[in-house]
Amino acid sequence: MDTFAQRKAAAMAELASPAPDKSPKGGVDAPIIPLLDLLNSHPSFFTTSSCSGRISILLSNPDPSTDQVHNQEKKKKKKAGGGRWLFVSHEKAEPETVLKLLFGDFKDEDVGFEAVLRFEPMIVAVDCRDLEAARQLVGVALSSGFRESGITSVQKRVMVAIRCSIRMEVPLGQVGNLLVPDEYVSYLIGIANRKMETNKQRTDSFLHALQEKLASVSDEQNPSEQDDSHIVPTRNSAASPVPNGNNGLKLDDSNIELGCICEEEEKEDEIAKSLNSDTSKESLQNQNNSLSASVLNVTGEQIEKIFLWGQSACVYSDNKVLIFGGIGRHSRRNYSLILDASSGLLTTLDVARPPLERMGHSVCLVGDDVYVIGGRAGPLEILNDVWVLKKNANEWVQLECSGNMFKPRHRHAAAVVGSNIYVFGGLCDEEIYSCMNVLDTKSMHWKQIKGSGKLPGPCHSHAMVAHGFQLFLFGGHNGHKPLGDLYSFDTASLNWKREIISGKPPFARFSHSIFAYKNYIGILGGCPFRQQEHQKLALLDLNRRRWVYAKIDSVGKRNMWVRSSAVVIDDKLVLVGGGASCYAFGTYFSPPMKLNLNFLKTSDGANSDTSYVFQVEKEYAKQIKDVLKSSGWLDLNRKVKVTQNGRHVLFPVNGVFCEFFFSEKVNGEKEFLVSCGGSLKRDELSINRKGPKSPQNLMRELVKPLLERSGMPLEFLEQLPTRWEQLGDMVVLPKNSFRDPQWDIIAKELWPIVAHSLGTRRLARQGGVMPTGTRDSGLELLIGSDGWVTHHENGISYSLDTTKCMFSWGNRSEKLRMAALNCTDEVIVDLFAGIGYFVLPFLVKALAKLVYACEWNPNALTALRRNLVDNSVADQCIVLEGDNRITAPKGVADRVCLGLLPSSEGSWITGVRALRVEGGTLHVHGNVNDSEESKWPDYVVQSITTISQNEGLSWQVNVTHVERVKWYGPHILHLVVDVKCQQI
């Protein structure tokens, strides 16, 4: 029996014992017994401690030295003590019970003890058989909302902690002399109960996800162990985490969500290698390019003052960086630090009336003025204030701003263009924002911009930077997983764009840094932490629109750059703050560092905005070529040229050579190159051998040899598709693509080629709507085993199983129109909700108060419920399963959506009944022959009028708008008529 099996057997034997376990409670919490049973029944896992989540009031002795019992216990157990619970509940708490304990007849021995109201979410410690099993378990936990989960030990045993950050801790004062009234305690209990409900939802989600995933983990990792799996008793072997113990991270958001700390890079699968064969070679070459990094030797103030995370920084003046706020080892800060990037001198700026201590805020320089926006001052104090520090003044001033309300938030991103500060996203309690807010610093006026194009979804802990009049936003966290998309925003046209860039993209991350330097956007650090990736700088070459990488030299393994601030000064990147708090290594702060960006001026291939050639006399050309080629310095993407007078040869060289040639290092190779009269010059006539190929040309080029090998006529090349749709990470071909039966003969070889040419790992072909009442999808999956995709549109996330549910690209304009409505305080009924096509725009963008979503397709209902959670609007929607003619509410709606094609007429009566007695608006969809286009709105009005009269309603019915959505077929239009019903 291996050591893991021995440990598990001992733990299971202890679980089976009728004796109480070591926890104060003596047993596990009932709400997570199913979860513990599931974990312990699997051969790769067993749990060592757990807590289902609790609301408690902890009493601690302000003078423990007077408590003899406490001192005796402390000597025996050698762990933190001096406290006991006045109240503990693993379910929602009754305010009356808590108030009675605090304000009623309390025990004499409790008088003078400090009372702290706490909420702690679920935490489970799991012993794993090996690292791979641990990684899979962490992946499921992170995707289920337990964002602080991670591998905590890989030494003697592989341990995983499953946890999240929805904690709360509020001091109330001393028993007998509380500092807060009973109303405030009731208010806090309400917040704790809401957190408990969120905790339960995440726990249930984790349980369901495990039930689907654990079987595959078991099959792949331990096929020989399958016969050993068994159900174990429902009691855990170790104590639930105790107050003030070491079983959980600290309450405040110094808890950085590191996720899984990986010792090595994840392996790419074969498809990824084939799709990125060209760019992979390019990236490997570019990794020879490196940046020199050095720790700043800090003088003046103690370096501990700059040991922060959650701070924010900006350029202050020549060679100086201003750092404000953040959290140190024990508390939040509100001092203003000035760091000289040249000398390392650290000073504290002597200014009056600084803003409140905070973290997760933003600091921006506009002209000569420094602005601080938002942040988090405490677990219950999320801020939306704006402060300014005038460069020549000696005080901070809080500003009174007008315009659209700027909601409290932290972990947002801000960037400056002209006199405007653009703020996107952020977090407030459990709400994640997806809006762009702009502060005009001249008028101090806030404005919320919806914008057009492909908008990012809700996110926090992302990064944004300005480059000219454009903003670039990368990464972040959406509450379920790290993000890896890059978006641009044109501040002139207000248009968003999801950028598609060649080359290997940076891995998905959050709490990272971003900066702009010349024609590059740089991304560094962040979570989840990957050792090798964190020693690379990801660079977006804006001229060539491709991702390239540079290795960072002289960096210690623990320089994580998590929640660090990146500031560009001249040709240097200054990194201040950052670090992490983790089970595996405790609390760590990154020292201030400086990276030299000079190599970007001269590098070519991956990292340049200027190309260079090495000029030598013709007689030395053969020798020089051999040296350049053998050293990997020759740029093979450009041609060797000869000068017009024929005396010199110009060898195209890459960035590695440029950095070597400009460096101060002298060796035999450099001496030889110089002795041959060599010199480095700009290549004014860069001639690339190969230009990028369009997907159509690449597909044609790759399919042609396949046809020739198969003996099929080359005329089949004319049948290759010229258009397709992108749905999430899946490419969907038109339904008439490759329909000739001869294509089926070579299908096995064909589909990977088509997928490669279109740059996708999943390929599908559109099918018709299935002839069922639930309008199921007829899509055919050609490559890929899973039809689930996540599609982002107008800042909204739509997830669906494409093999079971329809998704209509043609309805996009109508979804945008609904999203642009002002539905504040409105109740809406969507009679054909589907996966949330219009439900989500009404809630996320139009800000509806409540939506009733009617749907009878079980597959669409699954997607709908998932989308409501993913877009953080589940608490504003009531899902009604079944026929809307039976389930739809009556007399409640300000607005009803009837989005069914070819006709929604069968539910017009239901729509009228759903409206309030005073009336409202009906959005009536239908397919109409173009010859009847002008008559159909009148027919709708007449029908609705008749229905309302039959229902005893005295309404005036009018058409306020007719929208042409799309051509559904030859001479068939998809129309939407907006019908206004008003009580007479």
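Once a new chain begins, its residue numbering starts again from 1 and follows that chain's sequence as written. Given that the model is predicted, a residue must reach a pLDDT of at least 70 before its local features are reported, and side-chain atom pairs must reach 80 or more before they are shown or counted; all residues, however, enter totals for whole chains, interfaces and linings. Each side-chain value is worked out from all heavy atoms of the structure, with water and hydrogens disregarded.

If you look the protein up in an unreviewed UniProt entry, it shows as tRNA wybutosine-synthesizing protein 2/3/4 from Rhynchospora pubera. UniProt positions are given in the numbering used here, feature names are shortened, and annotations may be inferred rather than shown by experiment. According to UniProt, the comment filed for the protein under the heading Pathway (unreviewed entry) is "tRNA modification; wybutosine-tRNA(Phe) biosynthesis."

What to know about the overall build of the protein
Regarding its fold elements, the protein presents 21 helices and 57 strands. By the burial criterion, 54% of the 984 residues in the protein qualify as buried. In what follows, a contact means two residues having at least one pair of non-hydrogen atoms within 4.5 Å. A separation of at least 24 residues holds for 67% of the contacts in the protein among residues at least 6 apart in sequence. With an accessible surface of roughly 43300 Å², the protein has 50% of that area assigned to carbon and sulfur atoms. For helices the rule is a DSSP run of H or I covering at least 4 residues; for strands it is a run of E covering at least 2, with both sets numbered from the N terminus onward. Whether a residue is buried, partly exposed or exposed follows from its accessible area with a 1.4 Å probe, protein chains only, as a fraction of its type maximum: under 20%, in between, or over 50%, in that order. Residue burial considers only the protein chains on display, and all accessible areas are found by Shrake-Rupley using a 1.4 Å probe.

Some details on the packing of aromatic side chains
Here a pair means two rings of Phe, Tyr or Trp (six-membered ring of Trp) with centres within 6.5 Å. Their orientation is stacked below 30 degrees between planes, edge-to-face above 60, and tilted elsewhere. Inspection of every chain in the model, using the stated rule, returns 15 aromatic pairs. With 6.0 Å between their ring centres and 5 degrees between their planes, phenylalanine 307 and phenylalanine 589 make a pair best called stacked. Remark: phenylalanine 589 occurs in strand E39 (residues 586-589) and phenylalanine 307 occurs in the loop between strand E11 (299-300) and strand E12 (312-317); sequence separation between them is 282 residues. Overall, the relative accessible area of 17% leaves phenylalanine 307 in the buried class. Here phenylalanine 589 falls in the buried class, since its relative accessible area comes to 6%. Here the aromatic rings of phenylalanine 489 and tryptophan 496 are separated by 4.7 Å at their centres, their planes lie at 45 degrees, and the arrangement is tilted. Comparing phenylalanine 489 with tryptophan 496 shows no difference in burial state: the two are buried. Connected via pairs of aromatic rings, a cluster forms that spans Tyr422, Phe424, Phe489 and Trp496.

Some points on helix H13 (residues 695-710)
The length a helix should cover is 1.5 Å for every residue beyond the first. Under the 1.5 Å per step criterion, the end-to-end length of H13 is 22 Å for 16 residues, consistent within 8% with the ideal 22 Å. Buried within H13 we find Met699, Val703, Leu706 and Leu707. Just beyond H13, the residue with positive phi is glycine 711, at close to 75 degrees.

With respect to empty space enclosed by the protein
In this analysis, the protein atoms alone were mapped onto a 1 Å grid. Cavities are point sets where a 1.4 Å probe fits without being able to get out; pockets are open sets with protein on both sides within 12 Å along at least five of seven lines; lining residues have an atom within 4 Å of a point. Grid points are joined across faces, edges and corners, and a volume is the space filled by probe spheres set on the points. All told, the structure shown has 5 cavities of 30 Å³ or more when counted by the stated rule. Reported here for the second largest cavity is a volume of approximately 150 Å³. Lining the second largest cavity are 13 residues; nearest its centre among them are Pro456, Gly457, Pro458, Leu483 and His792. All residues other than Ala, Val, Leu, Ile, Met, Phe, Trp, Tyr, Cys, Pro, Asp, Glu, Lys and Arg, Gly among them, are scored as polar; the first ten of these are nonpolar and the last four charged. Its residues assigned to classes, the lining of the second largest cavity shows 6 nonpolar, 5 polar and 2 charged.

Describing a nonpolar patch on the surface
Patch membership requires more than 30% relative accessible area and the absence of a salt bridge. Residues of like charge join within 9 Å; the nonpolar side chains Val, Leu, Ile, Met, Phe, Trp and Tyr join within 5 Å. Every case where a carboxyl oxygen of Asp or Glu lies within 4 Å of a side-chain nitrogen of Lys or Arg is listed as a salt bridge. Judged by side-chain polarity, Tyr184, Tyr187 and Leu380 come together as a nonpolar surface patch covering roughly 280 Å² of accessible area. The partly exposed category is assigned to leucine 380, whose relative accessible area is 33%.

Observations regarding the sheet that holds strand E47 (residues 762-765)
One requirement defines pairing of two strands: DSSP has to find at least two bridges between them. As summarised here, the arrangement of the 4 strands in space is E45-E46-E47-E48, forming an open sheet in which the pairing is mixed. For this open sheet the edge positions go to strand E45 (725-727) and strand E48 (780-783), each flanked by a neighbour on one side alone. Going across the sheet, the axis of each strand differs from the next one's by a mean of 30 degrees, ignoring polarity. One ladder, built from 4 bridges, connects strand E46 (residues 730-733) with E47; its direction is parallel. Residue pairing for E47: valine 731 is matched across the bridge by leucine 763. Angles here are taken between N-to-C directions and fall from 0 to 180 degrees, while the axes themselves are lines fitted to C-alpha atoms, restricted in helices to the stretch in contact.

A few points about the pairing of strand E2 (residues 54-60)
Burial analysis of E2 places 7 of its 7 residues in the buried class, the great majority of the element. Direction of pairing for E2 relative to strand E4 (residues 114-120): antiparallel, over a ladder of 7 bridges. Each bridged residue has a counterpart across the sheet, and for isoleucine 55 the counterpart in E4 is phenylalanine 119. As defined by bridge partners, E2 adjoins strand E3 (residues 83-89) across 6 bridges and the pair is classed as antiparallel. Bridge pairing links leucine 58 to tryptophan 85 in E3.

A short note on helix H2 (residues 33-40)
Burial analysis of H2 places 6 of its 8 residues in the buried class, which makes it a mostly covered element. When we look at burial in H2, the residues that qualify are Leu35, Leu36, Asp37, Leu38, Leu39 and Asn40.

Brief notes about the pairing of E4
Most of E4 is tucked away: 6 of the 7 residues are buried. Examined bridge by bridge, E4 and strand E8 (residues 168-174) share 6 bridges and lie antiparallel to one another. Directly across from phenylalanine 119, in E8, lies its bridge partner methionine 168.

Thoughts on the pattern of salt bridges
Under the definition given, this model contains 35 salt bridges. The partner of glutamate 148 in a salt bridge is arginine 167, with the nearest N and O atoms 3.1 Å apart. You can see glutamate 148 sitting in the loop between helix H5 (131-143) and strand E6 (150-154) and its partner arginine 167 sitting in the loop between strand E7 (158-162) and E8, a full 19 residues away along the chain. Here the two residues glutamate 148 and arginine 167 agree in accessibility, since each one is buried. Its salt-bridge partner being aspartate 385, residue arginine 358 comes within 2.9 Å of it at the nearest N-O pair. Within this pair, whereas arginine 358 is found in the loop between strand E15 (345-348) and strand E16 (362-366), its partner aspartate 385 is found in strand E18 (residues 381-389), the two being separated by 27 residues in sequence. Note on arginine 358: relative accessible area 0%, which makes it buried. We classify aspartate 385 as buried; its relative accessible area is 13%. Salt bridges here are not isolated pairs; linked through shared partners, they connect Glu814, Arg817, Glu963 and Asp978.

Thoughts on the environment of valine 924
Tracing the backbone shows valine 924 in strand E55 (residues 919-929). Of the residues examined, valine 924 reaches a relative accessible area of 0% and is grouped as buried. In this view, valine 924 contacts Leu898, Ser904, Trp908, Trp936, Val940, Leu975, Val976, Val977 and Val979; residues no more than four positions away in its chain are not counted.

Things to note about the packing of H13 against helix H15 (residues 747-757)
Helix-helix packing: each pair is described by the crossing angle between the helix axes and the interaxial distance. At their nearest, the axes of H13 and H15 sit 8 Å apart, and the two run at 160 degrees to each other. Considering the angle they form, H13 stands roughly antiparallel to H15. Note that H13 runs across H15; the crossing there is right-handed. Contacts between H13 and H15 involve Pro695, Leu698, Met699, Leu702, Val703, Leu706 and Arg709 from the first element and Glu749, Leu750, Ile753, Val754, His756 and Ser757 from the second. Here is the rule for angles: anything less than 35 degrees is roughly parallel, anything more than 145 is roughly antiparallel, 65 through 115 is roughly perpendicular, and the remaining ranges are oblique. A clockwise turn of the near helix away from the far one marks a right-handed crossing, whereas an anticlockwise turn of less than a right angle marks a left-handed crossing.

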